[in-house]
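Residue-level structure breakdown
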Amino acid sequence: MSAKLTLEGVRADVAELLYEDPEELTDEENLLDWGLDSVRIMSLVERWRTKGVEVTFADLAERPTLAEWWTVLEPKS
């Protein structure tokens, strides 16, 4: 299963877990300040792995902004 991951899709996935509107989350905000915790990060890792993205908990936990996540998650062609 190879569903294409997009920055807006990542933003929507994060917002869903935080019970926030995706438009509220800017690319540079620290997601930990929004309440993103390790359990939710692991949930995102598993969700994106099912889409074929190779990502680890550490990849995301070390850089908790959407902009930094996208540098890790962005599909390489």
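Structure report, in brief. Per-chain numbering applies: the sequence of each chain, read as written, is numbered from 1 onward. Reporting in this predicted model follows two pLDDT cut-offs: at least 70 for local features of residues, and 80 or more for side-chain atom pairs to be given and counted; totals over whole chains, interfaces and linings ignore these cut-offs and use all residues. In computing side-chain values, all of the structure's heavy atoms are included and hydrogens and water are not.

**A short note on the overall build of the chain**
Strands here mean DSSP runs of E at least two residues long; helices mean DSSP runs of H or I at least four residues long; both are numbered from the N terminus. Assigned secondary structure in the chain consists of four helices and zero strands. Only C-alpha atoms enter the radius of gyration; for comparison, a globular chain is expected to reach 2.2 Å times N to the power 0.38, where N is the number of residues. Radius of gyration (C-alpha) of the chain: 11 Å, near the 11 Å computed for a compact globule of 77 residues. Residue contacts follow a heavy-atom distance rule, with two residues in contact if any of their heavy atoms lie within 4.5 Å. The long-range share in the chain, meaning contacts at least 24 apart out of those at least 6 apart in sequence, stands at 55%. When the accessible surface of the chain is split by element, carbon and sulfur atoms take 51% of a total near 4,600 Å². Working convention for charge: Lys and Arg count positive, Asp and Glu count negative, and His plus the chain ends are omitted. Charge positions come from single atoms, namely NZ of Lys, CZ of Arg, CG of Asp or CD of Glu. A distance of 7 Å separates the average location of the 8 positive side-chain charges in the chain from that of its 18 negative side-chain charges. Using a 1.4 Å probe, the Shrake-Rupley method yields the accessible areas, and only the shown protein chains count as cover for residues.

**Comments concerning the packing of aromatic side chains**
Pairing of aromatic rings covers Phe, Tyr and Trp, the last through its six-membered ring, and needs centres within 6.5 Å; plane angles under 30 degrees mean stacked, over 60 mean edge-to-face, and all others mean tilted. In the structure shown here, the tally under the stated rule is one aromatic pair. Residues Trp-48 and Trp-69 carry aromatic rings whose centres are separated by 6.0 Å and whose planes lie at 80° to one another, so their mutual orientation is edge-to-face. Here Trp-48 is found in helix H2 (residues 38-49), whereas its partner Trp-69 is found in helix H4 (residues 66-73), with 21 residues between them in sequence. Exposed residues in this analysis have more than 50% of their type's maximum accessible area, buried residues have under 20%, and partly exposed residues fall in between, with area computed by a 1.4 Å probe over protein chains only. Taking relative accessible area as the criterion, Trp-48 reaches 0% and is therefore assigned buried. On the basis of relative accessible area, Trp-69 is assigned to the buried category, the value being 0%.

**Digging into the packing of helix H1 (residues 7-18) against H4**
Comment: axis = line fitted to C-alpha atoms, over the contacting stretch for helices; angle = value between 0 and 180 degrees taken between N-to-C directions. Between H1 and H4, the least distance of the axes is 10 Å, while the angle of their chain directions is 125°. Relative to H4, the element H1 lies oblique. Seen along the crossing, H1 lies across H4 with a hand that is right-handed. Residues Leu-7, Val-10, Arg-11 and Val-14 of H1 form the contact with H4, whose participating residues are Leu-66, Trp-69, Trp-70 and Leu-73. Oblique is the label for every angle not falling under 35 degrees (roughly parallel), over 145 degrees (roughly antiparallel), or within 65 to 115 degrees (roughly perpendicular). By convention, the crossing between two helices is left-handed when the near helix turns anticlockwise from the far helix through less than a right angle, and right-handed when the turn is clockwise.

**Considerations on the packing of H1 against H2**
The description of two packed helices rests on the angle between their axes and on the distance between the axes. In contact at an axis separation of 11 Å, H1 and H2 are set at 140° when each is read in the N-to-C sense. In terms of orientation, H1 lies oblique with respect to H2. Two packed elements cross with a definite hand, and for H1 against H2 that hand is right-handed. Here Val-10, Asp-13, Val-14, Glu-16, Leu-17 and Leu-18 of H1 lie close against H2, whose contacting residues are Arg-40, Ser-43, Leu-44, Arg-47 and Trp-48.

**A few points about unusual backbone geometry**
Glycine aside, a negative phi is what most residues show, and trans is what most peptide bonds show. One non-glycine residue, Tyr-19, lies in the positive phi region at around 55°. Taking relative accessible area as the criterion, Tyr-19 reaches 71% and is therefore assigned exposed.

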